[in-house]
Amino acid sequence: MARTGFCDSRQLLDLHMTEDRQAPLRTWTNSCVRRERRVFAEGEDVGPGQHCKPTQDRRWVTIQRLPISAEDGIIMDYAPQDESVLSDVYEEEALLKYLNRLPGPPSLRELMPGLLRREVEVAISKLGLLYDKTYAWDIFSDMMRSQLLCSLPNAELPKHFSDASRAILVDWLIQVHEVFQFSEETLYLAVHLLNRALRLIKVSISGLQLLGVVCLFLAAKKEECLLPEVSELCYLMENAYSKKQLLRMERRVLTGLKFDLFHCPPLHFLLISASIARCSNKVVWMARYLLELSLLEGQCVVYLPAQLAGAALRLARRILQEAPSDGEMAWCIASSIHVGSEAALLSIMQIMAMAAARAHSRETRATYIKFSTIQTLHVSMHPALKAAAGLLGLSCSQT
């Protein structure tokens, strides 16, 4: 710790803790259930309180949701749907099987935008990221646009700082994050703020740990409902810094960042893509492990969140050698989310593969330990990870 400028911090809790963690409040919200209405055949008896709408064939159809204001008894901007539109509703599985029988790639390319939109809406609804999926596509479109603000122009660090000292600090922040049982969004935001602050604020080596704690504190203020006391944060640093110093650093960081705490976490792109691609739980956990390992790698700050998520998911599938359950069609739809060239994705996959191959023997092992529990399906201990670099054609000497 002396050579990195960190104080001897308190011994953190065991990352193998078996206590059940409380889920963040954002996951408590339930998605609205689709409203279904029975359409009766012509001449069929209609009971009291039931609505009759004659149609030629008898079936169950899903009626399009009204605007939110309709639930309060006020219907705004509502236009009746054409019968042909209502009858053109397919279940997800049946739609994918139908697309698998399409004659050629050009037809699939024409259908891809509409199909991607439907799959994104379903995925966001399943993940509980949004209360009402009416605005799911608008929010996803904004995510794709705003992620351009989340990457840095280069990976160079200021003088006196190295990638090794930064990795040690991020590893320690991961442990503190686990102690307070913060959400994963808080961790990704904290590391993003740290990456920006290191390039915008003049900080000495002795103040590097204080800067990391302040970034985690600011991320928690934005993402969490319950916050730790300032005295608790000082206690974890062996009271090497006072409350006054911590609050002063917080003002410096907010001023340097111009109070801009926005971040579009790659974890959201990963979960949406995995849901669309029908990935198994083990593939998802492996991808999450690889994605968190990228936080320790300074080279990854120049890539977009969607690129990091796409590379992690693709590498996880390759490591586990797991064939998709619904064929390659669902994977093609999910892959259309990932922006950038194949060369960029391959570069990220190489960085993640090398990090995974040496994670068990590195000094910074918090993520390795975190993902070695039964809750995470022991993905960090998978034997194929040691040879992950070989799957991409890299030699062992490079890892």
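The rules behind these values
Residues numbered from 1 in each chain as written. Predicted model: local features only at pLDDT ≥ 70, side-chain atom pairs only at ≥ 80, totals over all residues. Heavy atoms only, no water. Helix = DSSP H or I, 4+ residues; strand = E, 2+ residues; numbered from the N terminus. Expected span 1.5 Å × (residues − 1). Buried < 20%, exposed > 50% of the residue type's maximum accessible area, 1.4 Å probe, protein only. Core = buried A, V, L, I, M, F, W, Y, C linked by side-chain atoms within 4.5 Å. Domains from an automatic or database assignment. Contact = heavy atoms within 4.5 Å. Phe/Tyr/Trp six-rings, centres within 6.5 Å; stacked < 30°, edge-to-face > 60°. Lys NZ or Arg CZ within 6 Å of the ring centre and 35° of its normal. Salt bridge = Lys/Arg side-chain N within 4 Å of Asp/Glu carboxyl O.

Quick notes on helix α7 (residues 208-223)
Right, on to step 1. The end-to-end C-alpha separation of α7 is 23 Å, in line with the 22 Å expected for 16 residues at 1.5 Å each.
Right, on to step 2. Burial within α7 is extensive, with 13 of its 16 residues counted as buried.

Focus on the nonpolar core
Right, on to step 1. Counting 108 residues, the largest nonpolar core has Leu-246 and Leu-290 as the members making the most contacts within it.
Right, on to step 2. In terms of residues, this core owes the most to one element, α7, which gives eleven residues.
Right, on to step 3. Split by domain, the residues of this core number at least three in each of domain 1 (163-257) and domain 2 (266-390).

What about the environment of Ala-355?
Right, on to step 1. Take Ala-355: it is sitting in helix α14 (residues 342-357).
Right, on to step 2. What makes Ala-355 buried here is its relative accessible area of 1%.
Right, on to step 3. For the pair Ala-355 and Glu-297, spaced 58 residues apart in the sequence, the C-alpha separation amounts to 7.9 Å.
Right, on to step 4. Those residues in contact with Ala-355, other than ones at most four positions away along the chain, are Leu-293, Glu-297 and Arg-362.

Side note on the packing of aromatic side chains
Right, on to step 1. The final tally for this structure, using the stated rule, is four aromatic pairs.
Right, on to step 2. Look at Trp-137 and Phe-140: their rings are 5.6 Å apart centre to centre, the planes differ by 35°, and that puts the pair in the tilted class. Here Trp-137 and its partner Phe-140 are both found in helix α4 (residues 136-146), three residues apart, which amounts to about one turn of the helix. Neither residue differs from the other here; Trp-137 and Phe-140 are each classed as buried.
Right, on to step 3. For the pair Phe-180 and Phe-182, a centre-to-centre distance of 5.4 Å together with 20° between the ring planes defines the contact as stacked.
Right, on to step 4. With relative accessibility at 11%, the residue Phe-182 sits in the buried group.
Right, on to step 5. Ring-pair connections join several aromatic residues into one group, and the members of that group are Trp-285, Tyr-289 and Phe-371.
Right, on to step 6. Sitting above the plane of the Trp-285 ring, Arg-288 keeps its charged end 4.5 Å from the centroid.

Observations regarding the pattern of salt bridges
Right, on to step 1. Scanning all chains against the criterion turns up twelve salt bridges.
Right, on to step 2. With its nearest N and O atoms 3.8 Å apart, the salt bridge here joins Lys-222 to Glu-223.
Right, on to step 3. In this structure Lys-222 comes out as partly exposed when scored by relative accessible area, which is 40%.
Right, on to step 4. What you see here is one network of salt bridges that share partners, running through Glu-178, Glu-292 and Lys-370.

Some thoughts on the environment of Ile-351
Right, on to step 1. On the secondary structure map, Ile-351 appears in helix α14.
Right, on to step 2. Separated by 61 residues in sequence, Ile-351 and Leu-290 have C-alpha atoms that sit 9.8 Å apart.
Right, on to step 3. Beyond its immediate chain neighbours, meaning those up to four positions away, Ile-351 contacts Glu-297, Gln-299, Cys-300 and Tyr-303.

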